[in-house]
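# Chains, contacts and geometry: an overview
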Amino acid sequence: MVVGAVDEGYSGDVEVVNGITAGNRVKLVPYIFPNHLQFLELSFTVGDTSATVRTKKPLDADVLADTDSTLYYSVMCDGDIKYNNTRKLEINDLNDNGPIFKQKVYNTNVSEAPASDDFMVTSTGAFMLKRPLNYNLVQKYSFTVKAQDNGGLNDTATVHINVEDFDNLNPYFSHNLYQAFIPENGVGPFRTIQPEAIKAQDGDTGINIFLTYSINAVFPDKYQRNFNIDSSSGVLSVETAIDREEMNSSMISVSIKAAQTDDTLKTAAAVVSVTVEDVNDNAPEFDRSEYSVNLWENSPVDTVVFKAIVTDLDQGGFVGTLQILPESVPFSIDSDGTVRVKNTTALDRETTESITFQIKARETNPPNSDVAVQVSITLLDENDNSPVFNSSKYEGKVFANQTVGMFLVQVKAEDPDDGVNGQIKYYINFGNNDGYFSIDENTGVILLEKTIPLVENRILEFPLYITATDGGTVPRSSSTQVIICAPGDSKPQFLQNVFHGTVAEEQDPGVMILRVDFLKIAAGFSGNLRVVTEADKFAISQTGEFTTKLKLDYDDAPQNYSVQISISDGINSDTAVVEVQVTDVNDNSPVFATSPVTASVPEDAEVGSNVTVVPATDKDSSFNKEIRYSLREGEGKFSINPVSGMVSVAGSLDRESKAEYNLTVVAEDQGRPARSSTATLLLQVSDINDNVPKFSEAEYEVEVLETESVGASLLRLSAVDPDEDVNGKLTYSIFQQSPSEDLTVFELDSSDGTLRLAQPLDYSEVKVYSLMVRASDGGTPSLVGNVSVVVKVKDVNNNPPEFSKESYDIAVSENLAGGSSILTLEVTDRDEGGFSSGYFLYTNDTFDINKQGVVSLRKDVTLDRETKDSYTLQVVAVDQVTDGLRATAQLNITVLDYNDNVPQFPDIPAPLHIPEGDYSEETPGEVLTFRPTDADLGPNGEVSLSLTIHNPLFRFREDGTLLAVGALDRESRETYDLVIKASDKGSPQRENITIIRVNLMDINDNRPEFSSSSYVSSILLKDAEEDKLLLTLSATDRDAGNNSLITYSFVAGSSPYLALNSETGAVTLTSDLADVTEDTTVILTAMAKDHGRPPLNSTARVVVNLRIVNLVEAVAFQSPSYNFSLSENQPAGVEVGRVWASSGSNVYNVTYTVKTHTDLFSINANGAILTKTELDKEQQEWYFLDVEAVDTRIPPTSATAVVRVQVEDVNEAPQFTSEVYKASVFSIAPYKTPVIHVSASDPDTGDERQLVYSPSAASPYFDVEASSGLVFVVSVEGLAGETVGLDVKVTDHRGLHATAKVEVEVQRGASSSDVVVISLNQPANVVEKKVPELEKSLGEVLGWTVSIIEVLSANGGATESRMLRGAVKTLVRFIAVDDGEAVSYEEVTEKLQSESAALMAELDQVFGEGFDFEVQQRPQSSDSNQAVVISLGVLLGLSILGLTVTVTLIIRFRRKDEDNSDKESFDIGRSDEDYMNSLKNISEISEKDDKQQMTDKETTEDRAVKTDADRQSDNSCTSAL
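Being a predicted model, the structure only gives us computed values, none of them experimental. (Residues numbered from 1 in each chain as written. Predicted model: local features only at pLDDT ≥ 70, side-chain atom pairs only at ≥ 80, totals over all residues. Heavy atoms only, no water.)

## What to know about helix 2 (residues 1331-1342)
The end-to-end C-alpha distance of helix 2, which contains 12 residues, comes to 16 Å, matching closely the 16 Å that a straight helix rising 1.5 Å per residue would cover. Within the span of helix 2, buried status applies to Val 1331, Leu 1334, Ser 1337, Leu 1338, Gly 1339, Val 1341 and Leu 1342. On its buried face, helix 2 sits against strand 113 (1316-1320), helix 1 (1324-1329), strand 114 (1345-1353), strand 115 (1370-1378), helix 4 (1385-1394) and helix 5 (1396-1407). Among the residues trailing helix 2, Gly 1343 stands out with phi positive, at a value near 80°. (Helix = DSSP H or I, 4+ residues; strand = E, 2+ residues; numbered from the N terminus. Expected span 1.5 Å × (residues − 1). Buried < 20%, exposed > 50% of the residue type's maximum accessible area, 1.4 Å probe, protein only. Contact = heavy atoms within 4.5 Å.)

## Focus on the sheet that holds strand 4 (residues 40-43)
Strand order across the open sheet formed by three strands is 2-5-4, with antiparallel pairing between neighbours. Of all strands in the sheet, those bounded by a partner on one side alone are strand 2 (13-17) and strand 4. Adjacent strand axes in the sheet meet at a mean angle of 20° when their direction is disregarded. (Pairing = 2+ DSSP bridges. Axes fitted to C-alpha atoms, helices over the stretch in contact; angles between N-to-C directions.)

## Points about the confidence of the model for the protein chain
When pLDDT drops low, the exact placement of atoms in the prediction is not to be read closely. Confidence in the prediction of the protein chain, expressed as mean pLDDT, is 83, and 89% of residues score 70 or more. Across residues 111-116, confidence stays below pLDDT 50; counting only partners more than four residues off in sequence or on other chains, it has 25 contacts. Low confidence marks residues 1420-1516, where pLDDT is under 50. Its contacts with residues over four positions away, or in another chain, come to 131 contacts. (pLDDT = per-residue confidence, 0-100.)

## Describing unusual backbone geometry
The omega torsion across Phe 219 and Pro 220 is -5°, close enough to zero to call that bond cis. Mapped onto the elements of the fold, Pro 220 is located in the loop between strand 18 (211-219) and strand 19 (227-229). The residue after Ser 738, namely Pro 739, is reached through a cis peptide bond having omega -5°. Looking at the secondary structure, you find Pro 739 in the loop between strand 63 (730-738) and strand 64 (746-748). In this model, Ser 622 sits at a positive phi of 55°, which is unusual for a non-glycine residue. Tracing the backbone through its elements, the reader meets Ser 622 in the loop between strand 53 (616-617) and strand 54 (627-632). At Asn 1129, a position not held by glycine, the phi torsion is positive, near 70°. Along the polypeptide, Asn 1129 turns up in the loop between strand 96 (1121-1127) and strand 97 (1135-1138).

## Looking at the packing of helix 2 against helix 5
Closest axis-to-axis distance for the helix 2/helix 5 pair is 9 Å, and the angle between their directions is 160°. Classified by the angle their axes make, helix 2 and helix 5 are roughly antiparallel. You can see that helix 2 and helix 5 cross each other, and the crossing is right-handed. Each of Glu 1333, Leu 1334, Ser 1337, Leu 1338, Glu 1340 and Val 1341 in helix 2 lies in contact with helix 5, whose residues at this interface are Ala 1398, Leu 1399, Glu 1402, Leu 1403, Val 1406 and Phe 1407. Per-class residue counts for the contact of helix 2 with helix 5 are eight nonpolar, one polar and three charged. (Parallel < 35°, antiparallel > 145°, perpendicular 65-115°, else oblique. Left-handed = near helix turned anticlockwise from the far one by under 90°. Nonpolar A, V, L, I, M, F, W, Y, C, P; charged D, E, K, R; others polar.)

## Remarks on helix 4
For helix 4, every residue scored as buried is listed here: Tyr 1385, Val 1388, Thr 1389 and Leu 1392. Considered in projection along helix 4, the buried side chains sweep an arc of 95° and stay on one side of the axis. Exposed residues pointing more than 90 degrees away from the buried face of helix 4 are listed as Glu 1390 and Ser 1394. Tucked inside the fold, the buried residues of helix 4 contact strand 113, helix 2, strand 115, helix 5 and strand 117 (1413-1415). (Arc of directions from axis to C-beta.)

Take a look at the structure:
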């Protein structure tokens, strides 16, 4: 019987059973399901006629789910007859329980092998893959799965899925290519490996099989044994040290391999490019063990001596410095090893024949190895020294006893040059017209060739000019004069009647005053000289020396003497007078009249006023007695007249600063040397009353209580006066009081300045007194000083303070900053100082009041209106701390609202739900209504809602309801996170932001989609077994729930070998494929269909390869790396090497691609790598290529190999910059004249410095500098008008060479006579560097084309000239050309002289200020000099008187013609040495002309005879006789 139906959860009566017979019993018994009685109980008492069935606990339909939510029970009559009344009570199920998972955590393992596309969960709780898994990316998945019933109740559980790794991948290295670095000679592990340490690992990281490392190959293979790799760690090391200098290349390629220990066929490969870094372990080396070089002395600066080649086997060759030791040697060295002349002056063979030094090469880099080589320079002699006579003049005498052949005198000259350059021959140049003399050309001895007729009372004088010439190719010569005197018999006589002499006083006896000239021709002369008068004071020797016999005094004795002297031979005599003047000597010092001297000067004396005079006297005469005065000390306050000795004031005086001065007066005469003496002067400064009394304070101030007693001392004033005596004595007085009163309030002690109170004080009447006090000194007139004295009267407190209000009302904002002021309490006090010393009393923790009455919020307190909106304070003002008087006021403070609260959101469900759909503004969907709050008042508490970022799909209505106003598609986006903002209307506005999530509920609007349009799987028959999983189809449906549940099936094609799981998509084998005998490919079409209404589906292609043989599954190279090499400069298209990759099946083809350096290399279908252009080792030696192989699988597989290509060097010949060089040179160009530079380069890296230039064949005309390629002249004499060719060869260090042709045009139109020489006061090396500018400047001034032939230093000449080599002088030889013809020497020099100003201006711009030049005259031949002598000889023959005039003319002519020394003035026969050094065969004097000129001289030149009338003239012969 069905009792009825109740809702679950019901409690109460179920039914009432009536009609029970009295005395019977009833009870509740089970019916079918005993456990149902747990819900019910029976209420019955025996004797009752009814019983009630009621619930024991609430009914639960879920517990009764197994009985379809029906409760079964029975009411049995328990009498003699037992009768069951069965009942069924239906329980209506209410959604009062959520789903419950059986367990909270689920764990399962899934292999990565099945092909799938992600996880999905079905309505049955089954997890399915939706895309392939990769253990290396994710090893574990964790999900939270929610089960939800239709009523919205739900439960969650956690699912952990562990991904199991599958051994399907080979090991792999972190990088295909490693760069390793190790220093040469190093062993052990590599210190640096890039990009990181070598490491390989199993591609299946979950299995991670242990790997072993090994070395596959080493290139070059000779280094195979040098390397080792740790089989377990992969640490690569060098076992045997490598010497980089023995390597052809600094890199070695090491191929390494890593293999799985369980399957050695599973390997990985990589290449380690080993760079052996250079270590500076080789010292530099010179190309020779020592250098021996010959060098011409006087070689100019920068002349190349030789080139030292330094090599170093280390990388980069020699990098360091070259140094010459010692540095004092006259050579320098360039960085390339070129040794040059540094100091021409030091290259003097006559001083040093050889120079030895060292060149040290020192490396820049540690360990800074160095090596030294010995260099010996031998200086070759140049004829750069002229013979030098050991005397400027020689004298010989011929007396009456002359004999032919007798020795007269010997001349001697020396020449420090070597060999023939220093061999000297002597010649009588002229003066031997009568042939009286001869000279030995080798010894210089002059002999009497024939007897000279002597003349009585005459001295015959024969001036001979001797030339000494050396044996140089271009000989050098010098001349000297020899005077031969031949006196006849004569009487003794003085040559002057009166002789004059002077002598200084006070000299010791024996001072020679003069030498008396006299004649004593007779050979047997025995007369004597004597003093006739003043013989006690003077004496005369037999040689004519007139001397003193005692000291002479100028001051106290005669100052002039006339002394008579005589000469006599016993028969004849002569007399003369010697006038002697005694000159003063400064032998007396000045003498002061008195010393010391004392004087007085007032301190107010004006500058310039006289003080005193300090005179001195001197006994000497003239300048020796003139006295000049000067002062020492005195601090510049005084001066002295240097002539009169008057001392005067020079600066202002102040006795108070300094009262006296000690001076020293110096008197000095004007003699030489000067004599002086000193005197002491004491100047005392006298006082005047010039100082005003000065008080110690600028103003005095004192405070006095108004109750102070009369007569009390208040203050002591003090003043000072630095004057003396009465001028400094002070008197004090009060001369002014303010305010003024009839009675004197204060009195002042006149002597000590004490201020006292004279009358009582009253603060209420006068608060401050101002007094003016005066201090007067006792001077005349008296000076006074004034000062102000302020007396302040102090008050007593007797008035209470007063507030301006009894109550203060103020309102403040609750955002008032801590420490801010809100009010100032105004308090007054009629006592002195008002309320300035008062303070406030109050009790409050929120507000502060300072002494000034400023009320402020405490710094550490903030106001909050929402907590407290008003405050009341009682404030007491006290006027002073001690016995202060008080007043009270009240302060009422109201706190105003400030928008300081942020709107608050209510609790919001998370997430919010709305079905996906096509919503719009016209048909919006409501999500939820929000009610935010704000604790502030008024507008500050009014809140509005908005989205912070505009979203076209959602918006808020004014009542706070969130609306969906756009199309929502769950498959496009299932969840929307919206940022909503609640804003109040306060100022500043406050906002609150929260994020809500809106989830879309699904509808079935998407069909399933496979993860791939095609599924491919391959299996070897040996691995086949029934139920073996081949692949897993994976399709996804973007819908949710049942709409996304998918069922798989084959809809096209079939195979007896394959089975498909409709739920998981797993494709498995149905058998072990024993009946398959060949490779078979099965192609099927699979369909995925969802469970939606209506259902949707999609299809995919399934390909299964059943294979017989074990083939590779992907393309792979035969080797992971390849090493190839080829020679440089080969044409494009050359095969470098060949690579090979296999696809693993003949079904698939392989194509190759070069991925790097595609501009230089290509690869064909056969794997052959070809060049696309010529390769140059000097540009790049190594290339690393990535070559990729791709097969035709779908999808395709690929592999990459590293190809290392080395470009090997091929020695290439050097190349000239031009095949033909053209130049020109004048036919007069001397040896070493530069012609042209030829230049070549070497394509091989760094070889240019090792190029050597040379002529292809020896040439008598030109040569080439080996290091620089400079072509220079050897000799072009006689080649004028011709073009001469020279083949120049350049050779590299390996012997390859190239040639170029140099064509030199030897120009006509110029001869040595056209060469112009100018001298410049600039160093030769400076001039050489500026030859182009010099040519241009000369050309612009002259108006012709100028070619400079030679630049040379103008040093040389006699020894004296060599000593002056420091004077800078450089000769420049040039030719001027006009229309191809040389301009004559005369025309050029004339124009140079006329345009000298313009030329100076031009050359100043080239060489700078201080420049000077001089046009050198063409060297004079001996013809011109001899012509002068001939002309003078004619004049000498006219008369004896004419002889004197003519000799004078000769001397004057010589001095005018040349400004050189006497020795050079007689250099008649020599040409200009500077020109002779550089110009050859320009000017020669024919022997025939010399003889003709000698004949002419003999006919015109006469001997010179001195007569008695010539006594007064100077004559060398007579002075010596």
